[in-house]
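# Secondary and tertiary structure notes
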Amino acid sequence: MCKHANKVAGLTALRDVYHGPSWAQHRATICGGVALVMLGSMLWGVSLCAAQGTQEAPSPDPIGPPTMLSDQITRFVADSVAQTAGQPEWIVERRACEGCPPRSVGKALFQTTVVNVAYGLANLVRGQVTAKVTPKTWWANMEQGWVWDLDDFTVNQIGHPYQGNNYFNTGRANGLSFYESAAVAAFGSSTWEYFGETNHASLNDFINTTLGGIALGEMFHRTAWLVRDTHATGRGRLWSEIGAMALDPITGANRFIRGDASRVTDKPADMVPSNLAASGAVGVLWRGTQGNDFTADAQAFVEVDAVYGDPDRGHSRTPYDAFAMKLRFGGGSGLSEARVRGRLLGQPLKNGAVQFSVVQSYDFQKNDAYATGSQSFEGAFGFTQNLSSTTRFLMLGWAGLTVLGAIDSLPIGLTEVPEEEETGDAGQGVSEGPRFYDYGPGSDFGATAIFSRNNRPFATIFYEGRHLFSLDGVRANHFLQRGRVDLLLPLRGAFGVGVTGEYFDRRTFYQDAAATRVNYHYPQVRVYFTWGLS
């Protein structure tokens, strides 16, 4: 599947380990299914656009139809006035509420195309040869079909989901629902893959851009509404709109263009969370080596955690009315961890004693020891028990399917990533490989127990397991485990100090003749200063 020959000496002998003899059939089956889903979403969007422009024909005159054009115009105006008389302006503008954006499927699809053009022009300005698209390259991409690309791990696991977030929010900015906007994200991703660059359409990019874009898009969209103060005026209002626009540029730009950025209204009711809690931490961590020795120097990090809504309670059919988010900067990479877990459905059981939820997850972890990321859907059960008037215990367990996961991986015989040769023959923007991480579907499961006093956690126990079956890369099964214990000592007010012990374990089962097995494990300790932001 590589676009260019693998340049690392010795890797050609491992061709059968990378791709089994039946890989073509597997790829054809997978790609065909994804293509059908993509085509269905595109046709669905077009049908919505067509339906939006369809209006019910006016009822015929009981005596006879108007015979003059002027009579027809007069009757049309009279009917329109009769339909809108007494209705609030926001209803006439096709808004779901006074503070909601006007609904327009056509504008959402058009603005998604504008986003693609903007990304293409930006790549062209940067000098990337992949941005020099023509009808010939479009046809070549459609002839080729799906491939697995060779881009950098961060580009694929962060860059493409962020781009998908912009597609998703062209829908939200134009009054579309969560699921309608999800279809817009698929439309934007597929059209970019085929028409936005000369690289062949990438299956992993389509999945990461669409599913990651949905998770990041709704998270950023709701967070931006927290920043906006729609009751304010003047300079304070302007800065709140600018701050929100930094989080959700598409919705922010639309609000300035429509004049909504200065209108005084209530926020949309579904953008006001039932609860909000956040915390920040700054500290250092020490990560051990494969031999469990803590020989590495301390690495500084900054972390932000937030909980929007009430994920552990409530009957809900509103996607992401509750979600949890974690961002960590430093600790081995510029952005070392990003996690979003958004509730799609919530259902109390046993008179509210147990909470069942369907959850969408986006995960990214990258440091100097390992790199992994995934797009998943899980079912989760939560149980809450009050231990005293001030102490609370929450137990949460989950299991689900990983649609696509990525894990750093090396072929058998290599112990470290070789230095990449820079030839520059292919042109800027073309990834020549090799790519030292695997892609594939799998499953995930885990559990966490949280002890809190006065709604402040003081102890957390966390375990997570993942299985990935490699479809592209080194042919192997990867089993990942991660355990963590957090202890927090509250200080004065919202401040506290904490310590975390963490252990990461991975077992790789290669599909070679010798059934080679390799085990990797890394311990980690963190010490940090924390404060509440809620």
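Described below are features of the structure shown in this document. (Residues numbered from 1 in each chain as written. Predicted model: local features only at pLDDT ≥ 70, side-chain atom pairs only at ≥ 80, totals over all residues. Heavy atoms only, no water.)

Moving on, we get to the overall build of the protein chain. Each helix and strand in the protein chain was counted, giving 11 helices and 12 strands. For the protein chain, with 534 residues in total, the buried portion stands at 45%. A fraction of 68% describes how many contacts in the protein chain between residues 6 or more apart in sequence connect residues 24 or more apart. A total of about 25800 Å² of accessible surface is found on the protein chain, and carbon and sulfur atoms cover 63% of it. (Helix = DSSP H or I, 4+ residues; strand = E, 2+ residues; numbered from the N terminus. Buried < 20%, exposed > 50% of the residue type's maximum accessible area, 1.4 Å probe, protein only. Contact = heavy atoms within 4.5 Å. Areas by Shrake-Rupley, 256 points an atom, 1.4 Å probe, with all protein chains shown as cover.)

Before going further, it helps to examine the sheet that holds strand β6 (residues 371-386). Read around the closed barrel, 12 strands run β1-β2-β3-β4-β5-β6-β7-β8-β9-β10-β11-β12, paired in antiparallel fashion. Taken over all neighbouring pairs, the strand axes of this sheet differ in orientation by 20° on average, direction set aside. Helix α7 (residues 153-172) rests against β4 (335-349), β5 (354-366), β6, β7 (391-408) and β8 (437-453) of the sheet, and its axis sits at about 130° to β5. (Pairing = 2+ DSSP bridges. Axes fitted to C-alpha atoms, helices over the stretch in contact; angles between N-to-C directions.)

For helix α10 (residues 234-247), which comprises 14 residues, the first-to-last C-alpha distance of 21 Å matches the rise-based estimate of 20 Å (1.5 Å per residue) to within 8%. By the burial criterion, the buried members of α10 are Arg 237, Ser 240, Glu 241 and Ala 244. Buried positions in α10, seen along its axis, are confined to an arc of 100° and lie on one side of it. Facing away from the buried side of α10 by over 90 degrees, the exposed positions are Arg 235, Trp 239 and Ala 246. Buried-residue contacts for α10 involve α9 (203-227) and α11 (249-258). (Expected span 1.5 Å × (residues − 1). Arc of directions from axis to C-beta.)

Turning to the nonpolar core, a few remarks are in order. The tendency in soluble globular proteins is for nonpolar side chains to be buried side by side. Counting residues in each nonpolar core, the largest one holds 40 residues, and the members touching the most others are Ile 214, Met 219, Tyr 320, Val 340 and Tyr 362. Element by element, the count of residues in this core is highest for α9, at 9 residues. Here Ile 214 is in contact with Phe 168, Phe 178, Ala 182, Ala 185 and Gln 360, once residues within four sequence places are set aside. Among the nonpolar cores identified, the runner-up in size contains 6 residues, and Val 105, Ala 108, Leu 109 and Phe 187 belong to it. (Core = buried A, V, L, I, M, F, W, Y, C linked by side-chain atoms within 4.5 Å.)

Attention now goes to the pattern of salt bridges. Enumeration over the complete set of coordinates arrives at 32 salt bridges. For Asp 305, the salt bridge identified is with Lys 326, shortest N-O distance 2.6 Å. Here Lys 326 lies in strand β3 (residues 323-330) and Asp 305 lies in strand β2 (residues 299-308), a separation of 21 residues in the sequence. Given the relative accessible area of 22%, Asp 305 is considered partly exposed. Between Glu 502 and Arg 482 there is a salt bridge; the shortest N-O distance is 2.5 Å. Of this pair, Glu 502 sits in strand β11 (residues 495-510) while Arg 482 sits in strand β10 (residues 476-490), and the two are 20 residues apart along the sequence. Using a relative accessible area of 7% as the deciding quantity, one classes Glu 502 as buried. (Salt bridge = Lys/Arg side-chain N within 4 Å of Asp/Glu carboxyl O.)

Axis separation between helix α5 (residues 105-125) and helix α8 (residues 178-195) bottoms out at 10 Å; the angle between their running directions is 35°. For the crossing formed where α5 meets α8, the hand is right-handed. Across from Ala 108, Leu 109, Thr 112, Thr 113, Asn 116, Tyr 119, Gly 120 and Asn 123 in α5, the residues of α8 making contact are Val 184, Phe 187, Gly 188, Thr 191 and Trp 192. (Left-handed = near helix turned anticlockwise from the far one by under 90°.)

Position of Gly 217 among the secondary structure elements: in helix α9. With a relative accessible area of 0%, Gly 217 lands in the buried category. Put simply, Gly 217 and Tyr 167 are 50 residues apart on the chain and 8.2 Å apart in space, counted from C-alpha to C-alpha. Excluding anything up to four places from it in sequence, Gly 217 contacts Asn 165, Phe 168, Asn 169 and Gly 212.

Once that is clear, we can look at a nonpolar patch on the surface. A grouping of Val 282, Val 302, Phe 329, Leu 489, Leu 491, Phe 495, Val 497 and Phe 529 is seen on the molecular surface, where their side chains present a nonpolar patch of about 660 Å² in accessible area. Summarising the element assignment, Phe 529 is placed in strand β12 (residues 517-532). (Patch = residues over 30% accessible without salt bridge, like charges linked within 9 Å, V, L, I, M, F, W, Y side chains within 5 Å.)

What follows covers unusual backbone geometry. We note that Arg 94 has phi near 65°; this positive angle belongs to a residue other than glycine. Here Arg 94 shows up in the loop between α4 (89-92) and α5.

Let us look at α8. Within an α-helix, residues lying three or four positions from one another point in the same direction, as the helix has 3.6 residues per turn. With 18 residues, α8 should cover 26 Å at 1.5 Å per step; its first-to-last C-alpha distance of 25 Å lies within 8% of that length. Most of α8 sits inside the fold, with 16 of its 18 residues counted as buried.

Scanning all chains against the criterion turns up 1 disulfide. Two residues share a disulfide in this structure: Cys 97 and Cys 100, whose sulfurs sit 2.1 Å from each other. Between Cys 97 and Cys 100, the disulfide has an S-S torsion of 90° and is therefore right-handed. The same class applies to Cys 97 and to Cys 100, which are both buried. (Disulfide = S-S within 2.5 Å.)

The subject of this paragraph is empty space enclosed by the protein. All told, the structure shown has 4 cavities of 30 Å³ or more when counted by the stated rule. Of the pockets and cavities examined, the largest cavity occupies roughly 120 Å³. Lining the largest cavity are 15 residues, and of these Gln 365, Thr 372, Glu 464, Arg 466 and Leu 480 sit closest to its centre. Of the residues in the lining of the largest cavity, the class split is 5 nonpolar, 6 polar and 4 charged. (1 Å grid on protein atoms, 1.4 Å probe; cavity = no way out; pocket = protein on both sides within 12 Å on 5 of 7 lines; lining within 4 Å. Points joined across faces, edges and corners; volume = space filled by probe spheres on them. Nonpolar A, V, L, I, M, F, W, Y, C, P; charged D, E, K, R; others polar.)

Glancing now at the pairing of β5. With respect to burial, β5 is a largely interior element, 10 of its 13 residues being buried. In terms of strand pairing, β4 meets β5 through 12 bridges, oriented antiparallel. Bridge pairing in β5 places Gln 347 opposite Phe 356. Taking the residues between adjacent antiparallel strands as the criterion, β4 and β5 are bridged by 4 residues, where Lys 350 takes a positive phi near 55°.

Position of Thr 460 relative to the elements: it lies in strand β9 (residues 456-469). You can call Thr 460 buried: its relative accessible area is 13%. Sequence-distant contacts of Thr 460, defined by excluding residues within four places in its chain, comprise Thr 448, Ala 449, Ile 450, Arg 484, Val 485 and Asp 486.

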